[in-house]
Amino acid sequence: MDPKKGILLESGTNELEIVEFGIGKNKFGINVIKVKEIINPVSIIQVPHAHKNVEGIIELRGEVLPVVDVANALGFPPSESPEQDKFIVAEFNKQKIVFHVHSVTQIHRISWGQIEKPSEMYQGPDSQIIGVIKLNGEMILLLDFEKIVVEINPETGINVQQVKKLGKRDRSNKRLVIAEDSPLLRKLLHDTLMEAGFQYIEFFENGHDALNYLESLVQSGKNIVEEVQLIITDIEMPQMDGHHLTKRIKENSSLSKIPVIIFSSLITDDLRHKGQMVGADAQVSKPEIAELVLLIDQMAL
């Protein structure tokens, strides 16, 4: 099953397609952009001393891919009907991974505005939920697949050592605005960019909050390019995604001069054109933090 067949989403509309899948009685979602294909389970080769959430490896069209047991990663019991299970073959952060789920039901087209950010009451630091979608009287939980993968292999995450390899750096007075919904990634970005010398950073949990902040600076009469020298945005965020945020910034004559860098796990050769269509000045794939720092040096006003 190819989930992308027939699906064409214009860039910057603040919409996305999600594949709905099941683990036990719960319904979850993954962005179609991340999904390469959905297949029936095939024989898995177990790997000695692998991470507890990795079932093993499979070969798919000549590629050796790890298989992640999503139920185990979420602390859920195994499938009651393994013959109905599915493998979701996904690609992000420049890597392909197979996610073993219990069922795949349908594809929904929704707005990021329909996705609520999780409440701190139930989203602890270890939560893998990045959004809650209320749809047809039910709730679909949007999973943070990047976090699931980073927990298995921390090397796939943002690494401060990459910045240290850039050598001794002077303190920078450049003022940065960052839109990133993941608490884990906000902390990693904060620590890494501080290490790189950037001391003035404003973080926002989604594009909507970031845009409100930028527009409030304009309305207050302040010189916007003195207040913000560069904007960094993720793509997948509740309320407003990074493509729509970039489009709104570039359409606003008071904000359009500020460079925008999209920093996302979804930057691939196939998807780079989406960022170009909305006017992004640069696009960097997570977790390439050193590349991001060099681009900030070059582009910040």
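Residues numbered from 1 in each chain as written. Predicted model: local features only at pLDDT ≥ 70, side-chain atom pairs only at ≥ 80, totals over all residues. Heavy atoms only, no water.

Visitor: So, the environment of Leu185: which residues are in play, and what are the values?
Guide: Position of Leu185 relative to the elements: it lies in helix α4 (residues 183-195). On the accessibility criterion, Leu185 (14% relative accessible area) is buried. Apart from the residues within four sequence positions on either side, Leu185 is in contact with Ile158, Glu180 and Lys286. (Helix = DSSP H or I, 4+ residues; strand = E, 2+ residues; numbered from the N terminus. Buried < 20%, exposed > 50% of the residue type's maximum accessible area, 1.4 Å probe, protein only. Contact = heavy atoms within 4.5 Å.)

Visitor: Run through the packing of α4 against helix α9 (residues 289-299), naming residues and quoting values.
Guide: Viewed as axis vectors pointing N to C, α4 and α9 meet at an angle of 55°, and their least axial separation amounts to 11 Å. Looking at the two axes, α4 sits oblique to α9. Of the two elements, α4 crosses α9, and the hand of that crossing is right-handed. Counted together, Leu189, Thr192 and Leu193 of α4 and Ile289, Leu292, Val293 and Ile296 of α9 form the full contact between these two elements. Counted by class, the contact of α4 with α9 contains six nonpolar, one polar and no charged residues. (Axes fitted to C-alpha atoms, helices over the stretch in contact; angles between N-to-C directions. Parallel < 35°, antiparallel > 145°, perpendicular 65-115°, else oblique. Left-handed = near helix turned anticlockwise from the far one by under 90°. Nonpolar A, V, L, I, M, F, W, Y, C, P; charged D, E, K, R; others polar.)

Visitor: Describe unusual backbone geometry, naming the residues involved and giving the relevant values.
Guide: Phi is mostly negative for residues that are not glycine, and the peptide bonds are mostly trans. A cis amide bond links Lys286 with the next residue in sequence, Pro287, at an omega value of 5°. Residue position: Pro287 is located in the loop between β16 (282-285) and α9. Of note, His49 is a non-glycine position whose phi angle comes to about 60°, a positive value. Residue placement: His49 occurs in the loop between β3 (35-39) and β4 (54-60).

Visitor: Residues and numbers for the sheet that holds strand β12 (residues 172-179), please.
Guide: With respect to topology, five strands assemble into an open sheet ordered β13-β12-β14-β15-β16, the strand pairing being parallel. Of all strands in the sheet, those bounded by a partner on one side alone are β13 (198-204) and β16. The average undirected angle you get between the axes of adjacent strands in this sheet is 25°. Of the strand pairs in this sheet, strand β14 (residues 230-233) and strand β15 (residues 260-264) are connected by three bridges, and their pairing is parallel. Bridge pairing in β15 links Thr233 to Ile262. Contacts from helix α7 (residues 242-251) reach β12, β14 and β15, with the element oriented near 180° to β15. (Pairing = 2+ DSSP bridges.)

Visitor: Let's hear about the confidence of the model for the protein chain: which residues, and what values?
Guide: Of all residues in the protein chain, 94% attain a pLDDT of 70 or more, and the chain-wide mean is 90. Across the protein chain, the element-wise mean pLDDT spans from 82 in helix α3 (residues 160-164) up to 98 in β14. Overall, residues 4-8 carries pLDDT values under 50, and its contacts beyond four positions in sequence, including any with other chains, amount to six contacts. (pLDDT = per-residue confidence, 0-100.)

Visitor: An account of the environment of Lys52 is needed here, citing residue identities and associated values.
Guide: Mapped onto the elements, Lys52 comes out in the loop between β3 and β4. Judged by relative accessible area, which is 65%, Lys52 ranks as exposed. Spatially, the C-alpha atoms of Lys52 and Ile152 are 8.3 Å apart, while their sequence positions differ by 100 residues. Side-chain polar atoms of Lys52 contact the side chain of Asn53, separated by 3.5 Å. (Polar contact = N/O pair within 3.5 Å; in protein donor to acceptor, adjacent residues only side chain to side chain.)

Visitor: How would you explain the sheet that holds strand β1 (residues 15-23) if you had to name every residue and give the values?
Guide: Taken in spatial order, the six strands make up an open sheet running β8-β1-β2-β11-β10-β9, and their pairing is mixed. Both edges of this open sheet fall to β8 (103-111) and β9 (115-116), since each of them pairs with a single strand only. Bridge count between β1 and β8: eight bridges; the pairing is antiparallel. The residue bridging Glu15 from the neighbouring strand is Ser111, located in β8.

Visitor: Quick rundown of the pattern of salt bridges? Include the residues and the values.
Guide: Tallied over the full model, the rule gives 18 salt bridges. Across the salt bridge formed by Glu37 and Arg61, the nearest N and O atoms sit 2.4 Å from each other. Separated by 24 residues along the polypeptide, Glu37 in strand β3 and Arg61 in the loop between β4 and β5 (63-69) bring together distant segments of the chain. When its relative accessible area of 15% is taken as the criterion, Glu37 is described as buried. Exposure remark for Arg61: the relative accessible area of 65% places this residue in the exposed category. Between Lys250 and Asp281 there is a salt bridge, with the nearest N and O atoms lying 2.8 Å from each other. You can see Lys250 sitting in helix α7 and its partner Asp281 sitting in the loop between α8 (272-277) and β16, a full 31 residues away along the chain. Put simply, Glu20, Lys27 and Glu138 are held in one network by salt bridges that share partners. (Salt bridge = Lys/Arg side-chain N within 4 Å of Asp/Glu carboxyl O.)

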